[in-house]
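# Reading the structure
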Amino acid sequence: MATSLLVESWVWYALGVFIVFARLISRALLFRSIKKLKIDDWMMLATIVPYTALLVTINIVSHTSSNLIMPVEDVSTFSQKDIANRVYGSKLVMVVEQMQCITVWMLKGSFIFLYYRLTVNLGANIAVKCLGWYMGVSFIIMEILYLGVWCRPFHNYWAVPTPNTQCSAATNHLITNAVFNLSSDVIMLGIGLSLFVRSTLPLNRKIILCSIFSMGIFVILASVLNKYYSFTHPFGSQWTFWYVRESSTGILVANMPFLWTLLRRMFKLEAF
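In the nomenclature of an unreviewed UniProt entry, the protein chain is known as UbiD family decarboxylase of Tothia fuscella. Here is the UniProt Subcellular location (unreviewed entry) comment for the protein chain, exactly as written: "Membrane". Of the comments in the UniProt record for the protein chain, the one headed Sequence similarities (unreviewed entry) reads "Belongs to the SAT4 family."

This is the structure in structure tokens:
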């Protein structure tokens, strides 16, 4: 299982990083200067940092034990080496969770800047602003709860054994994350599709844009499935695959709409 995760995750990574740099090249061609790139372009470049950390650590976590201990296991039989390995694995689980949250919310932020520019003179701009505030506040609330409320004292996140299941299974955090993540994704998808459907673009162009943004449905599905496997198969590693798929597909969706200038230069296409 870990080997297949290794292969799949780095294939996703290569594709994701490639499309990020393709986006930056395309935008630089459009503006005729790299200095004129917008804040969401630089945000997307910065997203590579937590995305890289996520994939590196999740591949280690997939074959490392943590303080999430199966009922059939007897803690008293653990050696010092076993405990040290589980402490190490538990700390990496925290890194994975943080890198996933940061990556996903940075992708959301890049969409907000895009939507803001598209709706600057439209009534939908108010909805975009409200969504931006909702996403920012939800991230802060989620982080405060994860880092300061659900598991106290903080070092119990890697204690073996831990006296609080919220420090190992993180059920409350996963529920909070799912609510904020899925609700903002659904609203964002609805705003994007409504903009393109009501636009004056030719039908074939509408279909292209709606198809790209409809990939957001897979992002939502991946988010649902990573929580499903976290709750129903907490001792398995299926959730790791869906963490990778959610963040990686999100990167594709966030960058594909910006590739037209590059494609136009390469294949001599018409203006979109």
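So much for the structure itself; the text now carries on.
### Side note on the overall build of the protein chain
Within the protein chain, the regular secondary structure consists of nine helices and zero strands. Mapped in sequence order, the helices and strands of the protein chain form the string α-α-α-α-α-α-α-α-α. The globule rule puts the C-alpha radius of gyration for 272 residues at 19 Å, and the 21 Å found for the protein chain is close to it. For the C-alpha atoms alone, the extent of the protein chain along its principal axes is close to 70 × 35 × 30 Å. Residues counted as buried form 47% of the 272 residues belonging to the protein chain. Within the protein chain, residue pairs in contact and separated by at least 24 positions form 75% of the contacts whose partners lie at least 6 positions apart. Looking at the protein chain as shown, the accessible area adds up to about 13500 Å², and 71% of this sits on carbon and sulfur atoms. Side chains of the protein chain carry 21 positive and 11 negative charges; the gap between the two charge centres is 16 Å.

### Quick look at the pattern of salt bridges
For the structure on display, the rule yields seven salt bridges. Across the salt bridge formed by D41 and R23, the nearest N and O atoms sit 2.8 Å from each other. Separated by 18 residues along the polypeptide, D41 in helix α2 (residues 39-61) and R23 in helix α1 (residues 2-31) bring together distant segments of the chain. Accessibility assignment for this pair places D41 and R23 in one class, buried. When the shortest N-O distance is used, the salt bridge between K108 and D185 registers 2.5 Å. Taken as a pair, K108 in helix α3 (residues 80-118) and D185 in helix α5 (residues 171-197) lie far apart in primary sequence, 77 residues in all. K108 gets classed as buried once you look at its relative accessible area, which sits at 3%. Members of the salt-bridge network, linked through shared partners, are R23, R27, D40, D41 and R117.

### Thoughts on the packing of aromatic side chains
Aromatic ring pairs are defined here through the distance separating the ring centres and the angle between the ring planes. Within the structure shown, the criterion is met by 11 aromatic pairs. Residues F154 and W158 carry aromatic rings whose centres are separated by 5.8 Å and whose planes lie at 80 degrees to one another, so their mutual orientation is edge-to-face. On the accessibility criterion, F154 (27% relative accessible area) is partly exposed. Sitting above the plane of the W105 ring, K108 keeps its charged end 5.1 Å from the centroid.

### Regarding the UniProt feature "transmembrane region" (unreviewed entry) in the protein chain
Sites flagged by UniProt as "transmembrane region" (unreviewed entry) map to residues 12-30, 42-61, 102-118, 130-149, 178-196, 208-229 and 241-263. With 100% helix and 0% strand, the stretch residues 178-196 has end C-alpha atoms that lie 27 Å from each other. Helix makes up 83% of residues 241-263 and strand makes up 0%, while its end C-alpha atoms are separated by 31 Å.

### Some thoughts on the nonpolar core
Counting 59 residues, the largest nonpolar core has I58, V96, F111, Y115, F213 and W239 as the members making the most contacts within it. Of all the secondary-structure elements, those providing two or more residues to this core are α1, α2, α3, α4 (124-148), α5, α6 (203-214), α7 (216-232) and α8 (238-255). The dominant element in this core, judged by the number of residues it contributes, is α3, at 11 residues. The contacts of Y115, once residues within four sequence positions are left out, are V128, M188, I191, G192 and F213. Among the nonpolar cores identified, the runner-up in size contains five residues, and M94, Y146, C151 and C167 belong to it.

### Topic: the packing of α2 against α8
Where α2 meets α8, the axes come as close as 10 Å, and the angle between the chain directions of the two elements is 165 degrees. Classed by the angle they form, the pair α2 and α8 counts as roughly antiparallel. Where α2 crosses over α8, the handedness of that crossing is left-handed. Residues M44, Y51, L54, I58 and V61 of α2 lie in contact with α8, whose contacting residues are W239, T240, Y243, V244, S247, S248, I251, A254 and N255.

### Concerning the UniProt feature "domain: Rhodopsin" (unreviewed entry) in the protein chain
Under the present numbering, the feature "domain: Rhodopsin" (unreviewed entry) in UniProt falls on residues 23-265. Here residues 23-265 runs as 72% helix and 0% strand, with 13 Å between its end C-alpha atoms.

What counts, and where the lines are drawn
Residues numbered from 1 in each chain as written. Predicted model: local features only at pLDDT ≥ 70, side-chain atom pairs only at ≥ 80, totals over all residues. Heavy atoms only, no water. UniProt positions renumbered as here; feature names shortened; annotations may be inferred. Helix = DSSP H or I, 4+ residues; strand = E, 2+ residues; numbered from the N terminus. Rg over C-alpha atoms; globule rule 2.2 N^0.38 Å. Buried < 20%, exposed > 50% of the residue type's maximum accessible area, 1.4 Å probe, protein only. Contact = heavy atoms within 4.5 Å. Areas by Shrake-Rupley, 256 points an atom, 1.4 Å probe, with all protein chains shown as cover. Lys, Arg positive; Asp, Glu negative; His and termini not counted. Charge placed at Lys NZ, Arg CZ, Asp CG, Glu CD. Salt bridge = Lys/Arg side-chain N within 4 Å of Asp/Glu carboxyl O. Phe/Tyr/Trp six-rings, centres within 6.5 Å; stacked < 30°, edge-to-face > 60°. Lys NZ or Arg CZ within 6 Å of the ring centre and 35° of its normal. Core = buried A, V, L, I, M, F, W, Y, C linked by side-chain atoms within 4.5 Å. Axes fitted to C-alpha atoms, helices over the stretch in contact; angles between N-to-C directions. Parallel < 35°, antiparallel > 145°, perpendicular 65-115°, else oblique. Left-handed = near helix turned anticlockwise from the far one by under 90°.

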